[in-house]
Amino acid sequence: MEKTPSESKVEWFKVIQTEDINASDRLFGGRLLAWMDEVAGIAAIRHSGHNVTTAAIDSLRFKKGLYLGDLVVIESRVTYVGNTSMEVRVDVYREDVSTSLRYPVNRAFFTEVCIDENGNPVKVPFELKIESENERADWEGAKLRIKNRKERNLQGF
């Protein structure tokens, strides 16, 4: 059985509040990371139908700051399915409410492991059906990130 990336897609919105701000008057990066982790997990749950746990985060870079009152949009979708794990691409944007234009803030790739009720890894029951060249590029990028992560592990990182 297969599911498409669009079947796992999640779009989440948040207005930055005072409690989200750090001492530099920007969104606290750890708060954004927690939101991204949650949205990645939801996409993986939607794909697999199982609980998941985060095993790794790749390519996380904070390109732009977010400030009090900004509207944040976090999008995620499954980009790769292995045996017990899935890669989820998470994109963060600031949306200009007057124009509805979205400006990239960051992107990261989360590895989510499918788990049973005891927390043990289980096989992801659905493969990923690739329907576009962009989805194929995400799949191939995931294979490269997996390879790089394995090499880093061998080096002790």
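Note: the structure precedes this text.
Given the structure is predicted, the values throughout are model-derived calculations rather than measurements. (Residues numbered from 1 in each chain as written. Predicted model: local features only at pLDDT ≥ 70, side-chain atom pairs only at ≥ 80, totals over all residues. Heavy atoms only, no water.)

Caption draft 1: Layout of the nonpolar core. Counting 29 residues, the largest nonpolar core has Leu 32, Met 36, Ile 74, Met 86, Val 88, Val 90 and Val 92 as its most contacted members. Those elements giving two or more residues to this core turn out to be helix 2 (29-48), strand 4 (71-81), strand 5 (85-95), strand 6 (102-115) and helix 3 (133-154). In terms of residue count, the dominant contributor to this core is helix 2 (seven residues). Excluding residues that lie within four positions of it along the chain, Leu 32 makes contacts with Leu 27, Phe 62, Leu 66, Ile 74, Val 92 and Asn 106. (Core = buried A, V, L, I, M, F, W, Y, C linked by side-chain atoms within 4.5 Å. Buried < 20%, exposed > 50% of the residue type's maximum accessible area, 1.4 Å probe, protein only. Helix = DSSP H or I, 4+ residues; strand = E, 2+ residues; numbered from the N terminus. Contact = heavy atoms within 4.5 Å.)

Caption draft 2: Local environment of the packing of aromatic side chains. Counted according to the given criterion, the structure contains two aromatic pairs. A centroid spacing of 5.4 Å and a plane angle of 45° characterise the contact between Trp 12 and Trp 35, whose relative ring orientation is tilted. Linking Trp 12 in strand 2 (residues 10-15) with Trp 35 in helix 2, this pair joins segments that are 23 residues apart in sequence. Owing to a relative accessible area of 23%, Trp 12 belongs among the partly exposed residues under this scheme. Ring geometry for Tyr 80 against Trp 139: centres 4.3 Å apart, planes inclined by 45°, an arrangement best described as tilted. Here the residue Tyr 80 occupies a position in strand 4, and Trp 139 occupies one in helix 3, the gap between them amounting to 59 residues. With relative accessibility at 16%, the residue Tyr 80 sits in the buried group. Given a relative accessible area of 17%, Trp 139 falls into the buried group. (Phe/Tyr/Trp six-rings, centres within 6.5 Å; stacked < 30°, edge-to-face > 60°.)

Caption draft 3: How the structure looks around the pairing of strand 4. The buried fraction of strand 4 amounts to 10 of the 11 residues, a majority that puts the element mostly inside the structure. Strand direction decides the pairing type here: strand 2 and strand 4, joined by six bridges, are antiparallel. Considered in strand 4, the bridge of Trp 12 is made with Ile 74. As judged from the 10 bridges shared by strand 4 and strand 5, these two strands associate in the antiparallel manner. Counterpart to Val 72 in the pairing with strand 5 is Arg 94. (Pairing = 2+ DSSP bridges.)

Caption draft 4: Molecular detail of the sheet that holds strand 4. The five strands are arranged 2-4-5-6-3 in an open sheet whose pairing can be described as antiparallel. If you trace the sheet from one side to the other, it starts and ends with strand 2 and strand 3 (51-58), each paired once. Each strand of the sheet is rotated relative to its neighbour by a mean of 30°, with strand direction disregarded. Relative to strand 6, strand 3 runs antiparallel, the two sharing seven bridges. From the neighbouring strand, Thr 54 faces strand 6, where its bridge partner is Glu 112. Where helix 3 meets the sheet, it contacts strand 3, strand 4, strand 5 and strand 6, and its direction lies at approximately 80° from that of strand 4. (Axes fitted to C-alpha atoms, helices over the stretch in contact; angles between N-to-C directions.)

Caption draft 5: Representation of the side chain of Asn 106 in the model. With respect to the element layout, Asn 106 can be found in strand 6. Residue classification places Asn 106 among the buried residues on the basis of a relative accessible area of 4%.

Caption draft 6: Geometry of the side chain of Asp 20. Here Asp 20 lies in the loop between strand 2 and helix 2. Asp 20 gets classed as buried once you look at its relative accessible area, which sits at 2%. At a separation of 2.8 Å, a polar atom in the side chain of Asp 20 contacts the main-chain amide nitrogen of Gln 17. Excluding residues within four positions of it along the chain, Asp 20 makes contact with Lys 14, Val 15, Arg 26, Leu 27, Phe 28, Arg 31 and Trp 35. (Polar contact = N/O pair within 3.5 Å; in protein donor to acceptor, adjacent residues only side chain to side chain.)

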